[in-house]
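Chain by chain, the residues:
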Amino acid sequence: MNNSMCLEPFYRGENKKLKIRGLGLGLPFSKMLAKAQKGDLVVKESNEQGTTFTIIVEKANQI
């Protein structure tokens, strides 16, 4: 998987074995939400374990 491509709207990976439905908007939308909260979405790719997506946001102040 190309890390920069998977965060582009409407991008869909090419795994012909899996018939996964969707528009390719989930990851770009998740990144947009993380950025709106002053955070980020981090992509870590591993050949052995697959790809991990982590959303990092600031800790909220207690009221």
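Residues numbered from 1 in each chain as written. Predicted model: local features only at pLDDT ≥ 70, side-chain atom pairs only at ≥ 80, totals over all residues. Heavy atoms only, no water.

Undergrad: Explain the overall build of the protein chain residue by residue, including any values.
TA: Secondary structure assignment for the protein chain yields one helix and two strands. Overall, the protein chain shows an N-to-C arrangement of helices and strands of α-β-β. By residue count, 11% of the 63 residues in the protein chain fall in the buried class. A sequence separation of at least 24 residues applies to 20% of the contacts in the protein chain between residues at least 6 apart. Accessible surface, the protein chain as shown: approximately 5,800 Å² in total, 54% of it carbon and sulfur. (Helix = DSSP H or I, 4+ residues; strand = E, 2+ residues; numbered from the N terminus. Buried < 20%, exposed > 50% of the residue type's maximum accessible area, 1.4 Å probe, protein only. Contact = heavy atoms within 4.5 Å. Areas by Shrake-Rupley, 256 points an atom, 1.4 Å probe, with all protein chains shown as cover.)

Undergrad: Pulling in residues and values, what's your account of the pairing of strand β1 (residues 40-46)?
TA: Where β1 meets strand β2 (residues 50-56), seven bridges bridge the pair, whose relative direction is antiparallel. Looking at the pairing, Ser46 lines up with Gly50 of β2. Where β1 folds back onto β2 in an antiparallel hairpin, the turn is made up of three residues. (Pairing = 2+ DSSP bridges.)

Undergrad: Hey, could you go over the environment of Met5 for me, with residue numbers and the actual values?
TA: Here Met5 shows up in the segment before α1 (26-36). By relative accessible area, which is 35% here, Met5 ends up partly exposed. With 23 residues separating them in the primary sequence, Met5 and Pro28 have C-alpha atoms 10.0 Å apart.

Undergrad: Go over the pattern of salt bridges, please, and point to the residues and values.
TA: Side chains that carry opposite charge are capable of pairing whenever their charged atoms lie near each other. Scanning the entire structure with this criterion turns up two salt bridges. For the salt bridge of Lys31 with Asp40, the shortest nitrogen-to-oxygen distance reads 2.7 Å. Judged by relative accessible area, Lys31 falls into the partly exposed class, the value being 23%. Since its relative accessible area comes to 28%, Asp40 is described here as partly exposed. Taken together, the shared-partner salt bridges connect Lys31, Lys35 and Asp40 into one network. (Salt bridge = Lys/Arg side-chain N within 4 Å of Asp/Glu carboxyl O.)

Any link to function would need more than the numbers given here.
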